[in-house]
Amino acid sequence: MAVSNNIIATVNFIALICSIPIIFTGIWLASKPDNHCIRSLPWPIVFIGVLFLLLALTGFIGAYWNKQGLLALYLFCNAALIVTGIILLILAYIVTHPSGAYSVPGRVYDEYRYMGYSEWLRDHITDPENWGSIKACLAASSVCKKMVWDSYTAPQFFASRISSLQSGCCKPPTVCGYQYVNPITWINPTNPMGDVDCILWNNDPNQLCYNCDSCKGGVLGNLRREWKEANIILIIAVIALICLYLIAFSAYKNTRKTESKK
């Protein structure tokens, strides 16, 4: 096997190994309770990892057994993945850049404004068709119920770092002026007209604020945070693909030159 092919095979064997953590990261995200109700979130990461694995496998086989056709296919697919990855990064940034999170005086946690998120997220994630199933899933999950297990006093609760889902879906907005009983029980609002969600709040554990816009905002806030983390993986993958392409293209070109001289 030529030196150039040795280089391509070695680099792609390393890439093959590196694709496994990407796949497992997607599976790990899918298993997190916060993502349980939005099944579409982690799978693009798994898909990227699988494509990365298949690409590296193609390059390794083509180089190790000197299959020039496979190497050419590998270079073409690599270039296509680089372009696709860059487009996805740009789109993900545009979609996830707007944030509906805002701070509240006297609270460590943020609250969430639904209309603060991008129109694409609002239309595709929390549209009426999807929201019914997400809402039912949240009500059946332990996202809100587990807050009661911690037995917060009011000062402890206001100083806690609850998740965006818990902030948006498990309690009423602070502006409503509800009095704290426990994390999912609030009574006697002093400003019931302060927000449209104030009248939607219900102490029934199966309802809480699942009908509120603040809950939709909390879901989108969680989705935005997870996608920003996923974007880091995508950036690393694109950089790795570019490095692979440059090394493989140089080695492939050298191999073609060597064969043409024979």
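It should be noted that the structure appears before, not after, this text.
A brief report on the enclosed structure follows. What you see is a predicted model; the values in this text were computed from it and never measured.

Side note on unusual backbone geometry
Of note, asparagine 188 is a non-glycine position whose phi angle comes to about 50°, a positive value. Considering the arrangement of structural elements, one finds asparagine 188 in the loop between strand S4 (185-187) and helix H9 (213-261).

A look at the side chain of glutamine 166
Relative to the assigned elements, glutamine 166 resides in helix H8 (residues 164-169). Within the structure, the side chain of glutamine 166 is placed 3.1 Å from the backbone oxygen of valine 143, a separation counted as a polar contact. At 3.1 Å, the side chain of glutamine 166 forms a polar contact with the backbone nitrogen of serine 163. Ignoring any residue separated from it by four or fewer positions in sequence, one finds glutamine 166 in contact with Val143, Lys146, Met147 and Lys171.

So, helix H5 (residues 128-140)
Along its 13 residues, H5 runs 19 Å from first to last C-alpha, staying within 8% of the 18 Å computed at 1.5 Å per residue. Among the residues of H5, those classed as buried are Trp131, Ile134, Cys137, Leu138 and Ala139.

A few points about the packing of aromatic side chains
For the coordinates displayed, the defined rule picks out ten aromatic pairs. Each ring, one from phenylalanine 13 and one from phenylalanine 60, has its centre 6.0 Å from the other, and the planes form 45°; the classification is tilted. Remark: phenylalanine 60 occurs in helix H2 (residues 43-64) and phenylalanine 13 occurs in helix H1 (residues 3-31); sequence separation between them is 47 residues. Both rings, one in phenylalanine 158 and one in tryptophan 186, keep their centres 6.3 Å apart while their planes meet at 40°; by these two values the pair is tilted. Of this pair, phenylalanine 158 sits in helix H7 (residues 154-158) while tryptophan 186 sits in strand S4, placing them 28 residues apart in sequence. Its relative accessible area of 5% is what places tryptophan 186 among the buried residues. What links up through ring pairs into an aromatic cluster is the set Tyr109, Tyr152, Phe157, Phe158, Tyr180 and Trp186. In this arrangement the basic side chain of arginine 107 is found over the ring face of phenylalanine 158, its NZ or CZ atom lying 3.7 Å from the centre. Seen from the ring of tyrosine 102, arginine 113 lies directly overhead, with NZ or CZ sitting 4.2 Å from the centre.

Things to note about the state of the cysteines
For the structure shown, the criterion picks out four disulfides. Across a sulfur-sulfur distance of 2.0 Å, cysteine 169 and cysteine 215 are joined as a disulfide pair. The sign of the 90° torsion about the S-S bond sets the cysteine 169-cysteine 215 disulfide as right-handed. Of this pair, cysteine 169 sits in helix H8 while cysteine 215 sits in helix H9, and the two are 46 residues apart along the sequence.

Regarding the pattern of salt bridges
Tallied over the entire structure, the rule returns two salt bridges. Between lysine 171 and glutamate 111 there is a salt bridge whose closest N-O contact spans 2.7 Å. Of this pair, lysine 171 sits in the loop between H8 and strand S3 (179-182) while glutamate 111 sits in strand S2 (residues 110-112), placing them 60 residues apart in sequence. Each member of the pair, lysine 171 as well as glutamate 111, is classed as buried. When the shortest N-O distance is used, the salt bridge between glutamate 226 and arginine 225 registers 3.5 Å. With a relative accessible area of 0%, glutamate 226 lands in the buried category. The exposure class assigned to arginine 225 is partly exposed, which follows from its relative accessible area of 34%.

Description of the environment of asparagine 182
Summarising the element assignment, asparagine 182 is placed in strand S3. From its side chain, asparagine 182 meets the backbone nitrogen of isoleucine 184 in a polar contact 2.9 Å long. At a separation of 3.0 Å, a polar atom in the side chain of asparagine 182 contacts the main-chain amide nitrogen of threonine 185.

Describing the packing of H2 against helix H3 (residues 68-96)
Taken N-terminus to C-terminus, the directions of H2 and H3 make an angle of 155°; their axes are 8 Å apart at the nearest point. Classed by the angle they form, the pair H2 and H3 counts as roughly antiparallel. Handedness of the crossing formed by H2 with H3: left-handed. Here Leu51, Leu55, Thr58, Gly59, Ile61, Gly62 and Ala63 of H2 come into contact with H3, specifically with Leu70, Leu71, Tyr74, Cys77, Asn78 and Leu81.

Rules and cut-offs
Residues numbered from 1 in each chain as written. Predicted model: local features only at pLDDT ≥ 70, side-chain atom pairs only at ≥ 80, totals over all residues. Heavy atoms only, no water. Helix = DSSP H or I, 4+ residues; strand = E, 2+ residues; numbered from the N terminus. Polar contact = N/O pair within 3.5 Å; in protein donor to acceptor, adjacent residues only side chain to side chain. Contact = heavy atoms within 4.5 Å. Expected span 1.5 Å × (residues − 1). Buried < 20%, exposed > 50% of the residue type's maximum accessible area, 1.4 Å probe, protein only. Phe/Tyr/Trp six-rings, centres within 6.5 Å; stacked < 30°, edge-to-face > 60°. Lys NZ or Arg CZ within 6 Å of the ring centre and 35° of its normal. Disulfide = S-S within 2.5 Å. Salt bridge = Lys/Arg side-chain N within 4 Å of Asp/Glu carboxyl O. Axes fitted to C-alpha atoms, helices over the stretch in contact; angles between N-to-C directions. Parallel < 35°, antiparallel > 145°, perpendicular 65-115°, else oblique. Left-handed = near helix turned anticlockwise from the far one by under 90°.

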